[in-house]
Amino acid sequence: MKHLSLFLLTIMAALSIVSCDTVDSDRIPPVNVNIIFPTIGDWERYGVAGAGFSRRFIASERQPAGFPYKGLEGTGYGGVLLIADPMGTPLAYDLACPECCPAVKRIVIDDTDQSLAGIYRCNNCGSTYDVFSMGTPRSGPALKNKFGLQRYRVAVTGGSPYAVITR
């Protein structure tokens, strides 16, 4: 009974934090996002293989090298971060820091604390974001202003095309 009460209190506290503390995840200007993986082979070569793997898609810099960009594909405002969460589910975010917008300052993996997986940092403003928790801000001005990362849809259909990332 004691454990159940503690569990319910924890759930209620989490819900109150979420309900009172909304995050703005739409600060990045609406730019074309359309990355297509036509086959499973393309996904295996350029996608994310499993938990913790990540890949950056920046068409103007031809990243990742060799990816077959076509005329209709777009990689968002600052590029696209494709990452697999701890369960292996693919997630996608814009690489542009929402706090620094409209300037394009890209987030990078935060390697200052190796014990925290999924944390990305903007080296310009110092904000950090948790990509395993919907891109929510963890510290810096983005936390104060409640600016989260712009999320994108990842659809792995297994058909043709095999997978697509869109806005």
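Shown above is the structure to which this text applies.
Since this is a predicted model, take the numbers as computed values, not measurements.

Student: Before we move on, can you summarise unusual backbone geometry with the specific residues and values?
Tutor: Put simply, Gln63 and Pro64 share a cis peptide bond, and its omega is -5 degrees. Residue placement: Pro64 occurs in the loop between strand 2 (54–57) and strand 3 (74–75). A cis amide bond links Cys101 with the next residue in sequence, Pro102, at an omega value of 20 degrees. Turning to its location among the elements, Pro102 is positioned in the loop between strand 5 (90–94) and strand 6 (107–109). If you check the backbone angles, Met134 has positive phi at about 65 degrees while not being a glycine. Looking at the element boundaries, Met134 is found in the loop between strand 8 (128–130) and strand 9 (136–139). You will see that Lys146, though not glycine, has its phi angle at about 60 degrees, which is positive.

Student: Run through the sheet that holds strand 6, naming residues and quoting values.
Tutor: Spatial ordering of the open sheet is given by 6-7-8-9, a layout of four strands whose pairing is antiparallel. Bordering the open sheet on either side are strand 6 and strand 9, each of which pairs with just one other strand. Between one strand axis and the next, the sheet turns by 40 degrees as a mean value, whatever way the strands run. Pairing geometry for strand 8 and strand 9, over three bridges, is antiparallel. Across the sheet, residue Asp130 finds its bridge partner in strand 9, namely Thr136.

Student: A description of the side chain of Asp130 should follow, citing residues and the corresponding values.
Tutor: Structurally, Asp130 can be placed in strand 8. Although Asp130 lies buried, it forms no salt bridge, and the closest oppositely charged side chain, Arg138, sits 4.3 Å away as judged by the N-O distance. Ignoring any residue separated from it by four or fewer positions in sequence, one finds Asp130 in contact with Gly118, Ile119, Gly135, Thr136 and Arg138.

Student: Account for the nonpolar core, naming residues and giving values.
Tutor: One finds Phe37, Phe57, Val80 and Ile165 to be the most contacted residues of the largest nonpolar core, which totals 20 residues. Elements with a contribution of two residues or more to this core: strand 1 (33–37), helix 2 (40–46), strand 4 (80–84) and strand 11 (163–166). Leaving out residues up to four positions away in the same chain, Phe37 has contacts with Asp42, Trp43, Tyr46, Gly47, Phe57, Phe67, Leu82, Pro161, Tyr162, Ala163 and Ile165. With 15 residues, the next largest nonpolar core counts Tyr93, Leu95, Cys97 and Tyr120 among its residues.

Rules of the game
- Residues numbered from 1 in each chain as written.
- Predicted model: local features only at pLDDT ≥ 70, side-chain atom pairs only at ≥ 80, totals over all residues.
- Heavy atoms only, no water.
- Helix = DSSP H or I, 4+ residues; strand = E, 2+ residues; numbered from the N terminus.
- Pairing = 2+ DSSP bridges.
- Axes fitted to C-alpha atoms, helices over the stretch in contact; angles between N-to-C directions.
- Buried < 20%, exposed > 50% of the residue type's maximum accessible area, 1.4 Å probe, protein only.
- Lys, Arg positive; Asp, Glu negative; His and termini not counted.
- Salt bridge = Lys/Arg side-chain N within 4 Å of Asp/Glu carboxyl O.
- Contact = heavy atoms within 4.5 Å.
- Core = buried A, V, L, I, M, F, W, Y, C linked by side-chain atoms within 4.5 Å.

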